[in-house]
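A look at the structure
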Amino acid sequence: MTSQRRIRCGLLLALILLSGGCNSGLVKSLTSVARLQQGLVKKYGDQNINVTINNSTVLVVTFINSPLNTGTLESRTMRALDTALFVKQSYADIANIDELWVNFIKQESKFVVLTYTESVNSFGFDKDAQPLDRVPREFGPVKSGLEPEAIKYVEPDITKVLLPEFELGSVEEDKVTLTVQYTVPGTVEISKPGKAPESVELAFTVTSWKDHVSGESAVEFFSDDKSVFKSLGKYQDGTLPDGRYMDFLAVNISYAQYRRLTSGKTVRFELGNHTYSVTDEQLAALRRMRLFVRE
């Protein structure tokens with residue numbers, strides 16, 4: 001925070017404290033907002049972040065002239081969701097919030113006294129960092145084509161939510177892919193979310209011309225370099241028609257662990273001695289798996 005901004009904040013708080021009948025609730029609210037703004041600046045390294053509270057129930061975070069303005073919609077979507085999750089975890093008065101809005105705007109000053117403002121995107125969330133109306137305009141399909149789908153079964157009456165197979169990377173001659181899925185009772189969709197599943201399955205497939213992946217392997221998942229899940233997994237062996245070896249490893253984690261895993265800015269998987277990190281687009285798709293759940 002610049003010295004000029006510190007002075008303005010200090011004067012504002014001083015005026016409030018010195019005014020007749022000092023409103024302790026108002027002071028507490030402004031202090032919480034100021035701390036949140038400072039936390040966002042520290043998190044994103046961007047000084048041009050404005051935080052306001054309207055009617056004590058609507059919190060607005062505005063990124064002014066953010067470099068993301070000239071980036072992709074997906075990059076702003078991810079920043080908005082990441083901001084909402086940060087606010088949920090960091091804002092002291094989050095219990096009183098009904099709506100959270102994350103705005104991206106362009107702002108330009110002309111002739112000293114005139115300021116022109118243009119909206120780039122606005123993203124709405126509830127206090128649990130869930131998109132308002134469950135299908136906000138800004139949450140369009142991921143451009144990579146990686147998109148979760150809900151598959152309805154009649155008998156039994158369940159819905160499988162599936163993120164199709166995508167490649168995590170290659171190590172030497174090994175190709176590693178990941179498929180994510182969970183099953184919930186009844187019918188769910190983004191506009192009609194259901195209860196959280198008991199577990200989420202992350203299925204890793206390793207294909208190689210060499211048969212060297214087998215048996216038990218240490219498995220650990222990280223979000224923002226913090227361990228979320230750690231266990232031992234066992235590979236199932238197989239062979240493809242072209243002669244390549246295929247090894248399959250399915251790992252089940254709780255939905256709470258999946259939420260923590262996908263709430264960070266980065267995700268990586270450690271399978272034995274190898275580490276695989278997901279791309280921004282893949283992380284966006286992993287997060288969208290949660291839109292089918294009423295959290």
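The residue numbering used here restarts from 1 in each chain and proceeds along that chain's sequence as written. Note on the predicted model: pLDDT of at least 70 is required for a residue's local features to be given, and 80 or more for side-chain atom pairs to be given and counted; whole-chain, interface and lining totals, by contrast, use all residues. Neither water nor hydrogens contribute to the side-chain values; these are computed over all heavy atoms in the structure.

It is worth spelling out the nonpolar core at this point. Residues belong to one nonpolar core when they are buried, are Ala, Val, Leu, Ile, Met, Phe, Trp, Tyr or Cys, and are joined through side-chain atoms within 4.5 Å. Three labels apply to residues, based on accessible area from a 1.4 Å probe with only protein chains included: buried if under 20% of the type maximum, exposed if over 50%, partly exposed otherwise in between. In this structure, Leu168, Val180, Leu202, Phe204, Phe221, Ile253 and Phe269 are the most contacted members of the largest nonpolar core, which totals 41 residues. The helix and strand labels rest on DSSP assignments: H or I over at least four residues marks a helix, E over at least two residues marks a strand, and numbering proceeds from the N terminus. In terms of residue count, the dominant contributor to this core is strand β7 (residues 174-185) (five residues). Look past the residues within four positions of Leu202 in its chain and what remains in contact with it is Leu178, Thr179, Val180, Phe221, Leu249, Ala250, Val251, Ile253, Leu261 and Phe269. Judged by nonpolar contacts, the second largest core, of 26 residues, contains Val33, Leu68, Leu81 and Tyr91. Should any heavy atoms of two residues lie within 4.5 Å, those residues are considered in contact.

Quick look at the sheet that holds strand β10 (residues 226-234) now. Being paired, for any two strands, means DSSP has found at least two bridges between them. Read from one edge to the other, the open sheet built from four strands follows the order β10-β9-β13-β14, with strand pairing classed as antiparallel. Pairing within the sheet leaves two strands with one partner each, and these edge strands are β10 and β14 (274-277). The average undirected angle you get between the axes of adjacent strands in this sheet is 15 degrees. Examined bridge by bridge, strand β13 (residues 267-271) and β14 share four bridges and lie antiparallel to one another. Following the sheet pairing, Arg268 is matched in β14 by Ser277. All axes are obtained by fitting lines to C-alpha atoms, using only the stretch in contact for helices, and the reported angles, taken between N-to-C directions, cover 0 to 180 degrees.

Here the focus is the confidence of the model for the protein. On a scale of 0 to 100, pLDDT captures the predictor's confidence in every residue. For the protein, the mean per-residue pLDDT works out to 80, and 80% of the residues sit at or above 70. Per-element averaging of pLDDT across the protein places helix α1 (residues 3-18) at the bottom with 44 and helix α4 (residues 255-262) at the top with 96. Segment residues 1-22 is flagged for pLDDT under 50; beyond a separation of four residues in sequence, or across chains, it makes 18 contacts in the model.

Let's shift gears to unusual backbone geometry. Despite not being glycine, Asp224 has its phi angle at roughly 50 degrees, a positive value. With respect to the helices and strands, the residue Asp224 is situated in the loop between β9 (216-223) and β10.

With that settled, consider the environment of Thr177. Structurally, the position occupied by Thr177 is in strand β7. Looking at Thr177, the relative accessible area reads 8%, which means it is buried. The spatial distance from the C-alpha of Thr177 to the C-alpha of Thr205 is 5.3 Å, given a sequence separation of 28 residues. Contacts of Thr177, omitting those with residues within four sequence positions, involve Glu165, Phe166, Glu167, Leu168, Ala203, Phe204 and Thr205. Two N or O atoms count as a polar contact when they lie within 3.5 Å, although within protein this holds only if one can serve as hydrogen donor and the other as acceptor, and sequence-adjacent residues are included solely when both atoms are side-chain atoms. In this structure the side chain of Thr177 is engaged in a polar contact, spanning 2.5 Å, whose partner is the side chain of Glu165.

With that settled, consider helix α5 (residues 280-288). Most of α5 is tucked away, with seven of its nine residues classed as buried. Turning to α5, its buried residues number three or more, namely Gln282, Leu283, Ala284, Ala285, Leu286, Arg287 and Arg288.

Okay, the side chain of Ser217 next. Along the chain, Ser217 turns up in strand β9. Separated by 3.1 Å, the side chain of Ser217 and the backbone nitrogen of Gly272 make a polar contact. Filtering out sequence-adjacent residues up to four positions away, Ser217 remains in contact with Ser231, Leu232, Gly233, Tyr235, Leu271 and Gly272.

Another aspect to go through is the packing of aromatic side chains. Given two aromatic rings, their pairing is described by the distance between the two centres and the angle made by the two planes. Two rings from Phe, Tyr or Trp (for Trp, the six-membered ring) form a pair when their centres are within 6.5 Å of each other. A pair whose planes differ by under 30 degrees is stacked, one over 60 is edge-to-face, and the rest are tilted. In this structure the tally under the stated criterion is nine aromatic pairs. Here Phe63 and Phe104 contribute two aromatic rings whose centre-to-centre distance is 5.2 Å and whose plane-to-plane angle is 15 degrees, an arrangement assigned as stacked. Here the residue Phe63 occupies a position in strand β2 (residues 58-64), and Phe104 occupies one in strand β3 (residues 99-110), the gap between them amounting to 41 residues. Note on accessibility: Phe63 and Phe104 belong to one class, buried. Where Phe104 meets Phe123, the ring centres are 6.0 Å apart and the plane angle is 80 degrees; that geometry is what we call edge-to-face. Remark: Phe123 occurs in strand β4 (residues 114-125) and Phe104 occurs in strand β3; sequence separation between them is 19 residues.

Looking now at the pattern of salt bridges. Note on definitions: salt bridges are taken to be side-chain nitrogens of Lys or Arg within 4 Å of carboxyl oxygens of Asp or Glu. Considering all chains together, one arrives at six salt bridges under this definition. Two residues, Arg288 and Glu147, come together in a salt bridge whose shortest N-O distance is 2.7 Å. Separated by 141 residues along the polypeptide, Arg288 in helix α5 and Glu147 in the loop between β4 and β5 (149-153) bring together distant segments of the chain. Given the relative accessible area of 9%, Arg288 is considered buried. Of the residues examined, Glu147 reaches a relative accessible area of 22% and is grouped as partly exposed. With a shortest N-O distance of 3.5 Å, Glu270 and Arg268 are connected by a salt bridge. A single network of salt bridges, built from pairs that share partners, joins Lys43, Asp82 and Arg287.

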